[in-house]
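One-letter residues, chain by chain:
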Amino acid sequence: MAFDDLKHAQKQRLEYLDRLLFWDGAATRGSLIERFGISNPQAALDFKTYLHASETNALKYDASSKKYHTTERFTRLTGRATTDELEELLSGKKRAFYDVLPDLQRTQNVRVFRPLYRALLAGEAIKIVYQSMRDPEPETRWIAPLRFASDGVRLHLRAWCYTRQGFRDFIPSRIDPTRSFEERRVAEEVPKDDDWFTWAVLRLSPHRDLTQDQMRVVRIEFGFEDEFLEIRVRKPLEFYTKRRWGLDQENPRLECVGCAYVAMSEEEIDED
């Protein structure tokens, strides 16, 4: 990729410049000076380096506005564009072009995560007091932490539960830190987590109750390239995937029309 042979700091500036030119269609030396706090000569050198790597006539300098504008010959030098880049650019604008909904599920207590993480690394079982949503009262359990997984909003803990004699998904925020973690022992007799090493291949389609025009925009929105959209997740994460994609909502845009479970290959397991 372009700029890989440059020092890290300059590489970051040129990657930012590439994104800025793609989205705004124009940039100035001041764009780099304001973003990175560099000098005007350094900004000029960055533009010179960028122009050298670009297609001939990809940028055109306008002396009146002191801006470099993209032309029809412009192409990105640092890979495909993403909406994450747009969010970054919007959040840096002086005007309020952008806002984010508050997320009530992201408060997670480091006091809980640290002992779980250390027990995982040490191969230990650990005693916790856990409040599930199925039980009216907290329950004391012995668990062997095995791995963490994210549903895109918060971290979950995958663990072997000695109390329930099965693999369970725990929400760390439901663990009482004042009554947990005092007792530990070597984690023994933990069976192979076959579900974790099994793919759930979900086949999705626009919901059958939608009109043809609604189905068309759903296909555009979710990036359908074929009749169905197939996504592959680990079997224990299937529930969270369906919830995140809105498959369990009252009026969903998508529906799951099939799910196949496929055991991981030895190569995939070794890479895990």
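Below is a summary of the structure that appears in this document. (Residues numbered from 1 in each chain as written. Predicted model: local features only at pLDDT ≥ 70, side-chain atom pairs only at ≥ 80, totals over all residues. Heavy atoms only, no water.)

### Focus: the layout of surface pockets
In this model, the largest pocket occupies a volume close to 550 Å³. Listing elements by their share of the lining of the largest pocket, those giving two or more residues are β6 (155–161), β7 (166–170) and α7 (238–244). A total of four residues in the lining of the largest pocket trace back to one element, the largest contributor, which is β7. Of the residues belonging to the lining of the largest pocket, the class tally is seven nonpolar, two polar and ten charged. Quantified by volume, the second largest pocket comes out at close to 420 Å³. Counting residues per element, the ones that place at least two in the lining of the second largest pocket are α1 (8–24), β1 (26–27), α2 (29–36) and α4 (83–91). At four residues, the largest contribution of residues to the lining of the second largest pocket is made by α2. Taken together, the residues of the lining of the second largest pocket break down into five nonpolar, four polar and seven charged. (1 Å grid on protein atoms, 1.4 Å probe; cavity = no way out; pocket = protein on both sides within 12 Å on 5 of 7 lines; lining within 4 Å. Points joined across faces, edges and corners; volume = space filled by probe spheres on them. Helix = DSSP H or I, 4+ residues; strand = E, 2+ residues; numbered from the N terminus. Nonpolar A, V, L, I, M, F, W, Y, C, P; charged D, E, K, R; others polar.)

### Here we look at the environment of Val-190
Tracing the backbone shows Val-190 in the loop between β8 (184–186) and β9 (198–206). A relative accessible area of 30% places Val-190 in the partly exposed class. Taking C-alpha positions, Val-190 is 7.8 Å from Ala-144, a pair spaced 46 residues apart along the chain. (Buried < 20%, exposed > 50% of the residue type's maximum accessible area, 1.4 Å probe, protein only.)

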